[in-house]
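One letter stands for each residue in the lines below.
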Amino acid sequence: GENVEQHPSTLSVQEGDSAVIKCTYSDSASNYFPWYKQELGKGPQLIIDIRSNVGEKKDQRIAVTLNKTAKHFSLHITETQPEDSAVYFCAASPEGVQKVTFGTGTKLQVIP
Amino acid sequence: EPEVTQTPSHQVTQMGQEVILRCVPISNHLYFYWYRQILGQKVEFLVSFYNNEISEKSEIFDDQFSVERPDGSNFTLKIRSTKLEDSAMYFCASSVWAANYGYTFGSGTRLTVV
């Protein structure tokens, strides 16, 4: 089955700086890569996703990149704000499989 | 914005007791899921449900677990005889079409087995 590794496990940045979280996946059949943000006491919330037919996707301050050859994908947050502080999970899913496999999570702290 | 609603938010149960966790998915969604998250660990897949039957399940989802959609709105997870290691946060999620169209998660039920 799919295995998703995520780094770093914790990340502290100054407000206004950029944050980058990296993930690798094992199953070459995976073609859907969502990112979730989990705030304390809440369920994960989908913030952005990318499919294997594109290499990059951007939504305001958030961007994701995908390298299918290397089987890795990354989340980039620019101009970080204190409200970006949360745990971020990457995930991967192959076509036709009704589940996603999550990474181990990155706790992002944005220091004002 | 539509929400996935889970009840209760916290349940404490004695080891060996049965528990039922309840979820109301988003009304026009077709796929339903249960995930769990042991404190500080990754979110783990339990089961997916479509068209009134299980479409996928993990090795965690053994005979002690069952799911049901008893009416047009509720989706339940039953644990027949709880163990200490079942203590976790249980999240329900729904998806409009399939897993690769993104989930909407509920806020979770914290299950504590004592």
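Since the model is a prediction, treat every value here as computed from it, not as a measurement.

Draft legend 1. Representation of the sheet that holds strand β1 (residues 4-7) of chain A within the structure. All names here are of chain A. Spatial strand order, β1-β3-β8-β7-β6: five strands in an open sheet with antiparallel pairing. The open sheet has two free edges, formed respectively by β1 and β6 (56-59), since each of these has just one partner strand. On average, each strand axis in the sheet is inclined to that of its neighbour by 15°, with strand direction left out of account. As paired strands, β6 and strand β7 (residues 62-67) are joined by four bridges and run antiparallel to one another. Opposite Glu56, over in β7, you have Thr65 as the bridge partner.

Draft legend 2. A look at the sheet that holds strand β3 (residues 19-24) of chain B. Residues and elements named next belong to chain B. Pairing in this open sheet of four strands is antiparallel, and the strands run β1-β3-β8-β7 from one edge to the other. Edge positions in the sheet fall to β1 (5-7) and β7 (65-68), since each has one partner strand and no second. Averaged over all neighbouring strand pairs, the angle between strand axes comes to 20°, with direction disregarded. Relative to β3, β1 is paired through three bridges, and the arrangement is antiparallel. Looking at β3, one finds that Thr5 is bridged to Val24.

Draft legend 3. Geometry of the state of the cysteines. All names here are of chain B. Applying the stated rule across the entire model yields two disulfides over all chains. Disulfide pairing is shown between Cys23 and Cys92; the S-S distance is 2.0 Å. Residues Cys23 and Cys92 are joined through a disulfide that is left-handed, its torsion about the S-S bond being -65°. Taken together, the residues Cys23 in strand β3 and Cys92 in strand β9 (residues 88-95) connect sequence positions 69 residues apart. Summarising the burial analysis for this pair, Cys23 and Cys92 share the class buried.

Draft legend 4. Highlighting unusual backbone geometry. Following A:His7, the chain continues to A:Pro8 via a peptide bond in cis, the omega torsion being -5°. Residue placement: A:Pro8 occurs in the loop between β1 and β2 (10-14). The omega torsion of the bond from B:Thr7 to B:Pro8 falls at -10°, within 30 degrees of zero and hence cis. Along the chain, B:Pro8 turns up in the loop between β1 and β2 (10-13). Positive phi, normally seen in glycine, also occurs at A:Gln60, with a value near 55°. Structurally, A:Gln60 can be placed in the loop between β6 and β7. Positioned with a positive phi, B:Asn52 is a non-glycine residue whose angle comes to about 65°. Checked against the element boundaries, B:Asn52 lands in the loop between β5 (43-50) and β6 (53-57). Residue B:Asn52 is classed as exposed on the basis of its relative accessible area, which comes to 59%.

The rules behind these values
- Along every chain, residues carry numbers that run from 1 in the direction the sequence is written.
- To label them, take the chains in the order written and letter them from A, then take the ligands in the order written and number them from 1.
- Totals for whole chains, interfaces and linings use every residue, but because this is a predicted model, local features are given only for residues with pLDDT of at least 70 and side-chain atom pairs only at 80 or more, for both listing and counting.
- Only heavy atoms go into the side-chain values, all of them from the structure, while hydrogens and water stay out.
- Should DSSP find at least two bridges between two strands, the strands are taken to pair.
- We count a stretch as a helix when DSSP gives it H or I for four or more residues in a row; a strand needs E for two or more, and each element gets its number in order from the N terminus.
- Angles here are taken between N-to-C directions and fall from 0 to 180 degrees, while the axes themselves are lines fitted to C-alpha atoms, restricted in helices to the stretch in contact.
- Disulfides are defined as cysteine sulfur pairs within 2.5 Å.
- Per-residue accessibility, obtained with a 1.4 Å probe over protein chains only, is compared with the maximum for each type, and a residue is labelled buried under 20%, exposed over 50%, and partly exposed between these values.

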